[in-house]
Amino acid sequence: QFLYFIGESPAMGKKGGKKDRELDWSAYPMRHVVLRIAYHGQELDGLARQENTTNTVEHYLIQALRQVRLIPPLVDTNGNPVDESAGSGKALMASPAKFSRCGRTDKGVSALGNAVSLLVRGAKEGQEDLQYSNMLNRVLPPEVRVVAWASVPENFDARFSCISRTYRYFFATEGRDLRRMQQGAAHLLGEHDFRNLCKMDVVNVSNFVRTIYTADIYDAVTESKLTASDDEQPNPPPVAYIEIRGSAFLYHQIRCIMTVLFLVAEGKEDPAVVAKLLDVAKQPGKPCYPLADERNLVLWDCSFDESVVHWRVDHGAFAAVLEELSNRAAAMHVAAAISTNMQRALRAKFGRVYDEGAVPNRGPRYIPLLERQTEHTYEQKVAGLSDAKAHRREANRALGTGGRDRALQPRAEALCGAAAADEGNASAS
């Protein structure tokens, strides 16, 4: 159902089993670029590389970069090439030069506008620019695509140069009052401490204040913003999405927000509960509640200064991505039609029998969020850290935002070394 790119990359070898000659890297300039990437997270184990799996966006992307020889091959301590497709582990976790990711998405979460920056091989002087999207998409799996790229200055960083990030969460509207949901979402706007609407990572994060610029609900088909008057109409859209744009986001922040907004939309909570959860002085502990489904979440866009980033598309690759998305949408429409028809047929054949013997299922009593047991507070979690994690926490605080406080870096690196030693001892015991 997917359109695959046809062509042979420079690293795929030639007929007859002849190997490509080695590339003289000294003959090529290195170019600092940012790649805009899209991927279907439902079929992947997350963005970042991991030691226990190779089914991640970064693994496939870095493997493709080496396969088409845009970055140097991975070698061991003796200078011998390492086969990245052989497995995972620490030996294969080395990052390309100046590698930085904008948004780290979890397993199941998709993206249309994530971005990574790094140094790649450029064209020789006098030659046309390399078509990075075309080259990479030929060898990437169909779940991952490079949709655009741009040359960027030396000091550009995909994470720290990002102005804002936008997420969309798609959901079925049946049984949900979108007017109430929008009222609850309005409390998110502005600068707040979101420790009760995220999963607290006290080792790496000590500041939970974030700024939300917009939080609006849209019809998923027409992409028109829904208002209170729209919600009062007899036929609301079957599928909608909420678009949340902010400066940056915390671990699981969007999924926590969506759980609370769904409770509001279903009439189980008042819209004002969002404001109460944001008041950490009165509500220092996060109530226990589950996360919303990760498969409906999409990192929609990462915004950068338009005077710095001038996106370019390689026309062949871009046209193929559009066709792939069209084919995927068509396949999902067919699957939805099959499920709908199967449901209708079962009801027609056995509905009366089912209704005659059905017993009302009232379910468990609902416990309001603010009456539930709470997780440990930030202070309690910090106090409960192991020695190794406490060392790492102190090192992260010394590094400052993203490790940019270079004056404190030697101390932080020393602390990290001590933490690593402690972790090694802890694992051994």
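Everything discussed here concerns the structure shown above.
Below: a short report on this structure. (Residues numbered from 1 in each chain as written. Predicted model: local features only at pLDDT ≥ 70, side-chain atom pairs only at ≥ 80, totals over all residues. Heavy atoms only, no water.)

### So, a nonpolar patch on the surface
- A surface patch of nonpolar side chains, about 240 Å² in accessible area, is lined by Val313, Phe318 and Leu322.
- Among the secondary structure elements, leucine 322 is positioned in helix 7 (residues 315-357). (Patch = residues over 30% accessible without salt bridge, like charges linked within 9 Å, V, L, I, M, F, W, Y side chains within 5 Å. Areas by Shrake-Rupley, 256 points an atom, 1.4 Å probe, with all protein chains shown as cover. Salt bridge = Lys/Arg side-chain N within 4 Å of Asp/Glu carboxyl O. Helix = DSSP H or I, 4+ residues; strand = E, 2+ residues; numbered from the N terminus.)

### Describing helix 1 (residues 57-67)
- Most of helix 1 sits inside the fold, with nine of its eleven residues counted as buried.
- Contact partners of the buried residues in helix 1: strand 1 (30-39), strand 2 (100-101), strand 3 (110-121), helix 2 (132-137) and strand 4 (144-151). (Buried < 20%, exposed > 50% of the residue type's maximum accessible area, 1.4 Å probe, protein only. Contact = heavy atoms within 4.5 Å.)

### Observations concerning the side chain of serine 117
- Secondary-structure assignment places serine 117 in strand 3.
- Once residues lying within four places of it in the same chain are set aside, the contact partners of serine 117 are His32, Val33, Val34, Lys98, Phe99, Ser100, Phe156, Asp157 and Ala158.

### Focus on the environment of asparagine 155
- Along the chain, asparagine 155 falls in the loop between strand 4 and strand 5 (164-172).
- Along the chain, asparagine 155 and lysine 98 lie 57 residues apart, while their C-alpha atoms are 9.7 Å from each other.

### So, the pattern of salt bridges
- Per the counting criterion, the structure on display carries 20 salt bridges.
- With a closest N to O distance of 2.9 Å, glutamate 324 and arginine 145 form a salt bridge. With glutamate 324 in helix 7 and arginine 145 in strand 4, this residue pair connects regions lying 179 residues apart in the sequence.
- Relative accessible area serves as the criterion here: at 6%, glutamate 324 is assigned to the buried category.
- We note a salt bridge from lysine 381 to glutamate 375, for which the minimum N-O separation is 3.7 Å.
- Among the charged side chains, a network of salt bridges with common partners joins Arg31, Asp129 and Arg312.

### Describing the pairing of strand 7 (residues 209-219)
- Counting buried positions along strand 7 yields eight of eleven residues, so the element is predominantly enclosed.
- Note: strand 6 (residues 190-193) against strand 7, four bridges, orientation antiparallel. Pairing of histidine 192 across the sheet is with arginine 210, part of strand 7.
- Relative to strand 8 (residues 239-246), strand 7 runs antiparallel, the two sharing seven bridges. Residue pairing across strands places aspartate 219 opposite alanine 240, the latter belonging to strand 8. (Pairing = 2+ DSSP bridges.)

### Description of the nonpolar core
- Among the nonpolar cores identified, the biggest contains 86 residues, and Leu35, Leu136 and Leu188 are the most heavily contacted of them.
- A per-element tally of this core places helix 5 (residues 253-265) first, with ten residues.
- Those residues within four positions of leucine 188 in sequence are excluded, and the remaining contacts are Phe194, Leu197, Ile212, Ala215, Ile244, Ile257, Val274 and Leu278. (Core = buried A, V, L, I, M, F, W, Y, C linked by side-chain atoms within 4.5 Å.)

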